[in-house]
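Per-entry structural report
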Amino acid sequence: MMRFAFVTALFGAASSAFAAEQPVNAASAMAIARGNACIGCHAIDRKLVGPSFQQIADKYKGDGQALAKLAAKMKTGGAGVWGSITMPSHPGMSDADVRTVVAWVLAGAPPK
Ligand code: HEC
């Protein structure tokens, strides 16, 4: 029990220290993006209905709050940051899926 708590504490400290550099899993992120129709509105390198994933990465470069902020916005949807078109809400996506896809977008949506 003690040992588990200790490891959890260590892991928590490590993940907040590296919050700006989330590990990116491109293969799962792309599967999530396809599975949730993100790519119907977003392309990696050009604007469609929404901004390209690379434009989003540029905009939030160096913003340590971006992952949390954009993960929340994924769930609620919204407009006004890039224009007047609204991104629909995605309430059914798991937190893990949202974080995986947003971390990948913030890394510039690398192919792998
Ligand atoms: C129906 C079209 C549509 C779909 C589907 C969609 N988006 Fe968006 N997305 C948009 C629009 C439009 C914006 C710009 C919203 C704004 O200006 O605030 C946006 C903005 C974003 C942003 C930046 C938000 C900000 O505040 O800067 C991220 C990240 C994002 N989308 C990721 C995703 C992901 C991941 C998915 C799939 C789970 C997805 N989007 C699905 C249209 C869409």
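Reference entry: report on the structure contained in this document. Not measured: the values here are computed from a predicted model.

**Brief notes about the site of the ligand**
The environment of the ligand is formed by 26 residues, the closest being Cys-38, Cys-41, His-42, Tyr-60 and Met-87. One nitrogen or oxygen atom from the side chain of His-42 is found 2.7 Å from a nitrogen atom belonging to the ligand. Taking Gly-80, its main chain carries an N or O atom lying 3.3 Å from an oxygen atom of the ligand. Mapped by element, the contributors of at least two residues to the shell around the ligand are helix H3 (53–59) and helix H4 (66–76). Top contributing element to the shell around the ligand by residue count: H4, with 3 residues.

**Section: the packing of aromatic side chains**
Scanning all chains against the criterion turns up 1 aromatic pair. Relative to Trp-104, the ring of Phe-53 lies with its centre 5.6 Å away and its plane at 70°, an arrangement referred to as edge-to-face. One end of the pair, Phe-53, is in helix H3; the other, Trp-104, is in helix H5 (residues 95–106), with 51 residues separating them in the sequence. Lys-59 extends its terminal NZ or CZ atom over the ring of Trp-82, reaching a point 5.3 Å from the ring centre.

What counts, and at which threshold
Residues numbered from 1 in each chain as written. Predicted model: local features only at pLDDT ≥ 70, side-chain atom pairs only at ≥ 80, totals over all residues. Heavy atoms only, no water. Near = heavy atom within 4 Å. Polar contact = N/O pair within 3.5 Å; in protein donor to acceptor, adjacent residues only side chain to side chain. Helix = DSSP H or I, 4+ residues; strand = E, 2+ residues; numbered from the N terminus. Phe/Tyr/Trp six-rings, centres within 6.5 Å; stacked < 30°, edge-to-face > 60°. Lys NZ or Arg CZ within 6 Å of the ring centre and 35° of its normal.

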